[in-house]
Each structure stands twice: as C-alpha cells, then as structure tokens.
Amino acid sequence: MNITQITHHDLDGYGASTVVGQFAEVARIVHVPRYSDVGPVVETELKRLGKASAPEMIVMTDLGLEAVAVTFIRNFAALNRRRDPTARHRLVVLDHHASSVDQLREQGLAPQADPTVPSLQRFDLEDPNIVVLIDEACCATRMAYEHRALYATRETGADPILGALVTAVDAVDLWRKDRPAFRNGLSLDEMFWDNVSNLVPIGHPWHDRFVGDLLLGAARLLGEGASPAVIEGQVPALRKAILDGYLAEDEGDDRTLTTRMRIARVLARSDLFHPLSDGTLMSFGLDSGTFQRVSDLIMESGRAKRVLNVQRAGTMSFRSNNETALEGARRFRGGGHKDAAGGKLTSGSAFSLADAIAQVEPVLNPPAADPALSPFGALKNWKG
C-alpha cells in the first residue's frame, strides 16, 4: 500500500516522520511549516485519492487540526463510502493539540475517552479505516511510536534508539523542564534547526532520510549517556558519516571537501530545480548559502544561464552568468547587480514549488500578445 505522511515542520513533526519511517515504507512526506498551509495540501491529497484506483494510506502527525483539516477528515470518510469496500483508503491521524479537540467538536465529532489511557481521546468516523487520536499528554513523536501498529508494515517491536529519541522530543515539545530528558530534547532541537534546511533541502530525495539519520545518530548518543555538549561536538562527524554512506558508490565524490561542498555537487545535478519556459532553473525554499553554491555549480556545468530561488516569504534571488539576473528581478520590483539580484512575489508569499511556479512564470515570461485581440486587428487586411 502506498503511504503518504503529512506532518509539521518542526522537531516533533520530523521526529514523527523518523519514527514512522522505521516501521513502514513511506513513499512521500509532506512537511507543513504553517497550519494555514494545511488546506491546500489536504485538498490536493483528496483530489488525488479520489482518482487512485488502489487503496492508499495517509498518516497525519502533529498538524493541529484546524477547521480545514477536520473538513478533510470528514470528506475522506465520504470518499471512502463511495469506493468499493476492497479499495477503501486508510487514514491515521495522530495529534496532541487541545485546539484540535475543539475543532472536531465544532464539526459534530465528539471525543470518546480511551478506557486504558486517560489522556487519549478517540473520534469515530464510522469507518474502521479511519483512526483519529488526540492525546494532549504526549507529543506526536511518542504517539507515532506507541501507536505504530496502526500503520506499520514491518516489525513493530520496541527499539531503544527510537525510545531515546521519543523521550527527548517528548520532554522538550511539551516543555517539561522537570524531566531529566528536557535538556537532551533542547540539544536535539538546536541540532534540528541548524541542519533541517541548510544542507539537504526539502524536495530532494535525501532530505527526510538525512534529517532522520541525523536524529537517529544523536539519539544513539543519548542512549549512551552523551551530554548536550558532547552531542553538539559530534554533529559534524555524524553529518560526515551519513554523507560518506550516501556517496560510497559515487566515483565523483571528493572527500577532501566540506560536507556542504559535497552536498552542493549532488544538488547541482539533481531535479531540485524546475525549468521555466525561458530556460531559467527555479528552486523553492533553499537556504541562501546552499543556493549560492548550487546555482554557481549549475551555471558552470552549462545546465542554465540563469537560476532563481523563491522563499516561502516571497523573496526571490536571481543568479546568472549572462547579465540577465537584474532583468528578471526588475519584473518583480527588485534590483541589484547584473548577475546577482533580488525581488519579491507580488502576492507576498508562496506555499509550495507549484504555487511559486504559477506566480513566477507569467510575470517572468508573459505570453505574447494575441494580434486578434488588438482593436486594430480588424484593419490588418483592410484595403481602402
């Protein structure tokens, strides 16, 4: 069964995706940085599932169920009722936000207390393929671990390394300063934010694998009793070891370079950049330092003469080797140098690569005017 996970873009969200990935083969992970971005994501998923012939599974973790997410759950149930019983999809929702309970209630879904876990609340959609659990007493990472039987396709036994990860994330996500694991959780949180987007960006096939391996490596150190200072000092070695493993068969890899330099070479030949109609290659949400290195490598290789990166906040960075960066930036109220310039999306922000492309393409490469629409078109073949 094809599995998609939709999760929050923070330590708990990635902790949950790391845990789920240990017990199931997840085909795709969608990270949602803002709860306001959940709507377009789940609407797209519902349309896709409506056309899917084979049953699929959606695992939602740590999203905070706003009204649009609850509507998605109800629409998912309605979709399943219209499908053949043998082709019904599966939905597993694991959340721990108090506001989620309120939103579910507002749409007529009353919580049912779990008889064995006082803090756990269940919501009945009258469909055995849909499980919605809210537990305010533990984080999503812990929920993904303790309720792994709901989605697991592999052995579901206890794992001490995952246990160390769960304990640390749970302590810091719930801000339980009284727990000994709280400072361990803080060290994981610092490591996470320092590495989540500036090395292997979202959109690259290695992204979730890299972040998950880094979290598991730190969890292994926690299990051995390492202090936060030791973990901080070991992060560069963890990153290098992970990358060495990924590039073990890559004959073009140069281990004398830094980790960022080596990864930049991989990114430069990946499909991370989308070609626009004029040949500009565009990426979305890249760290500024990573974009600078990768764009230079792309242009050196001859893949493109102009490269563009769009951030979620709508800021745009153009790079070129033919003095066209400034020309592109000026179309977006920007400025700068001939080969390095910046601008801003007219809408102010973008929530995905597809959204950014839809906003950039018609402005950067406006369609040619249709002569037939000109008021003088009727006079073209007129003879006096």
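Further up the page is the structure itself.
Report on the accompanying structure. (Residues numbered from 1 in each chain as written. Predicted model: local features only at pLDDT ≥ 70, side-chain atom pairs only at ≥ 80, totals over all residues. Heavy atoms only, no water.)

A word on unusual backbone geometry
Heads up, the condition is: Here a helix means four or more residues in a row that DSSP labels H or I, a strand means two or more in a row labelled E, and each is numbered from the N terminus.
Located in the positive-phi region is W175, a residue other than glycine, with phi close to 55 degrees. Within the fold, W175 resides in the loop between α6 (160–173) and α7 (182–195). Although it is not a glycine, R333 sits at a positive phi angle of roughly 55 degrees. If you trace the backbone, R333 turns up in the loop between α12 (325–330) and β12 (335–336).

Considering the sheet that holds strand β1 (residues 2–8)
To keep things clear, this is the line we draw: At least two bridges found by DSSP between two strands are what make those strands a pair. Helix axes are fitted only over the stretch in contact, all axes being lines through C-alpha atoms; the angle between N-to-C directions runs from 0 to 180 degrees. In what follows, residue pairs with any heavy atoms lying within 4.5 Å of each other are defined as contacts.
Strand order in the open sheet made by the seven strands is β2-β1-β3-β4-β7-β6-β5, with mixed pairing throughout. Single-partner strands in this sheet number two, and they are β2 (28–32) and β5 (111–113). When strand polarity is set aside, the average angle formed by the axes of neighbouring strands in this sheet is 20 degrees. When β1 meets strand β3 (residues 56–61), the two strands line up parallel, connected through six bridges. Its bridge partner being in β3, T7 is matched across the sheet by T61. Each of β3, β4 (90–95) and β7 (130–135) touches helix α3 (residues 67–82); the most contacted strand, β4, lies at about 160 degrees to it. Running at roughly 135 degrees to β7, helix α4 (residues 98–106) makes contact with β4, β5, β6 (120–123) and β7 of the sheet.

Quick word on the packing of α6 against α7
The following threshold applies: Roughly parallel means an angle under 35 degrees; roughly antiparallel, over 145; roughly perpendicular, 65 to 115; everything else is oblique.
Close contact between α6 and α7 brings their axes to 7 Å; oriented N to C, the two are set at 90 degrees. Here α6 is positioned roughly perpendicular relative to α7, judged by the angle of their axes. Contacts between α6 and α7 pair L165, A168, V169, A171 and V172 from the former with F182, N184, G185, L186 and L188 from the latter.

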